[in-house]
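Chain by chain, the residues:
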Amino acid sequence: MAQHTIDLPCIADTYCSYENPNTNYGNATVLRAGGYLLEGTLYYERYFALFKFDTSLLPPRKKINYVGLRLYSVKAMPGAAYAQVAYSDYANTWDELTANYNNINSQDIGSFYAVYYTNGIPSNAWVEVDVTQSTIISAILNGNISTKGMYMYWRNVTPPNPPSSDYWEVHSRENINPPVLRVIYEDVPPDKPTLISPIGEYKDSNSIIRFEWQYNSS
């Protein structure tokens, strides 16, 4: 079947800072994700980014074959590293202008989906993180990507000695290259319909004959 590509626009984004746990960055033009801080023997995420996308633009009853988180990188990330992306399975939705480290980090973020980049990431270039996996596809189809959103963190494969400046920076939706969620979907033929009417009725040529079926699709 024919495949189609749609870019779902970002409707909210921000980032959270461990160093400034009560600060909101909802109006920032550049988002940060990654970095390490060490307290005692524990590493902490320095920054993580949050995104929401408009899933209402996706036509209904389609099969999703691919999902890519497209971000415009403004900071090179050298060396082997990976992006961690997850559907944000929060107990409550977050607001772009109030979310911060303290009111987000304690909630359940859900399973991580790691994407490896063996040669690092360039600056001043689009980077597309392949996040095609069942939980994110389900969150797109049920609309949760628009309400609960997505979480992203970036880290090196081997943590450097903290404090570290290995965080990634990308344009926010307030900038000229806003994040988009690229979805490739496929038209799926419907299953055999179920006849609703007429069943067991006689219709002559003087009657208005109306046929009615129930649409079925897997």
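Our structure's up above, just so we're on the same page.
Since this is a predicted model, take the numbers as computed values, not measurements.

Description of the nonpolar core
Phe51, Phe53, Val67, Leu69, Ile140, Trp168 and Leu181 are the most contacted members of the largest nonpolar core, which has 38 residues in total. With 13 residues, the next largest nonpolar core counts Leu37, Trp94, Ile104 and Tyr151 among its residues.

Structural notes on helix 2 (residues 134-141)
Ile136, Ile137, Ala139 and Ile140 are the residues of helix 2 that are buried. Buried residues of helix 2 fall within an arc of 160° about the axis and therefore sit on the same side. When the buried face of helix 2 is taken as reference, the exposed residues oriented beyond 90 degrees from it are Ser134 and Leu141. Looking at the residues trailing helix 2, positive phi occurs at Gly143, about 90°.

Some remarks on the packing of aromatic side chains
In this structure the tally under the stated criterion is nine aromatic pairs. Taking the centre distance of 5.3 Å and the plane angle of 75° together, the rings of Tyr18 and Tyr101 count as edge-to-face. Within this pair, whereas Tyr18 is found in the loop between strand 1 (3-17) and strand 2 (30-39), its partner Tyr101 is found in helix 1 (residues 101-104), the two being separated by 83 residues in sequence. Tyr101 matches Tyr18 in its accessibility class, with the two residues each being buried. With 5.0 Å between their ring centres and 35° between their planes, Phe48 and Tyr151 make a pair best called tilted. Placement of Phe48 in strand 3 (residues 42-53) and of Tyr151 in strand 8 (residues 150-156) is noted, with a sequence separation of 103 residues between them. The exposure class of Phe48 is buried, given its relative accessible area of 0%. The exposure class assigned to Tyr151 is buried, which follows from its relative accessible area of 0%. In textbook terms, an aromatic cluster arises when at least three aromatic residues are bridged by ring pairs, as seen for Tyr15, Tyr25, Tyr47 and Tyr167. Taking the ring centre of Tyr215 as reference, the NZ or CZ of Arg61 above it sits at 4.7 Å. One residue, Arg70, lies across the ring of Trp126, its end atom 4.9 Å from the ring centre.

Calculation notes
- All residue numbers here refer to positions counted from 1 along the written sequence of the relevant chain.
- It should be noted that, the model being predicted, local features are given only for residues of pLDDT at least 70 and side-chain atom pairs only at 80 or more, the latter also being counted only at that level, while totals for whole chains, interfaces and linings use all residues.
- As a rule here, side-chain values come from all non-hydrogen atoms in the structure, and water together with hydrogens is ignored.
- Definition of nonpolar core: a set of buried residues of the types Ala, Val, Leu, Ile, Met, Phe, Trp, Tyr and Cys, connected through side-chain atoms within 4.5 Å.
- Using a 1.4 Å probe on the protein chains alone, a residue whose accessible area is under 20% of its type maximum counts as buried, one over 50% counts as exposed, and one in between counts as partly exposed.
- Secondary structure follows DSSP: runs of H or I at least 4 residues long count as helices, runs of E at least 2 residues long count as strands, and numbering of each begins at the N terminus.
- Our arc is simply the arc of the directions from the helix axis toward the C-beta atoms.
- Working definition: a ring pair exists when centres of Phe, Tyr or Trp rings (six-membered ring for Trp) sit within 6.5 Å. Plane angles under 30 degrees give stacked, over 60 give edge-to-face, the rest tilted.
- Put simply, a charge is over a ring when the Lys NZ or the Arg CZ is close to the ring centre, within 6 Å, and near the line of the ring normal, within 35 degrees.

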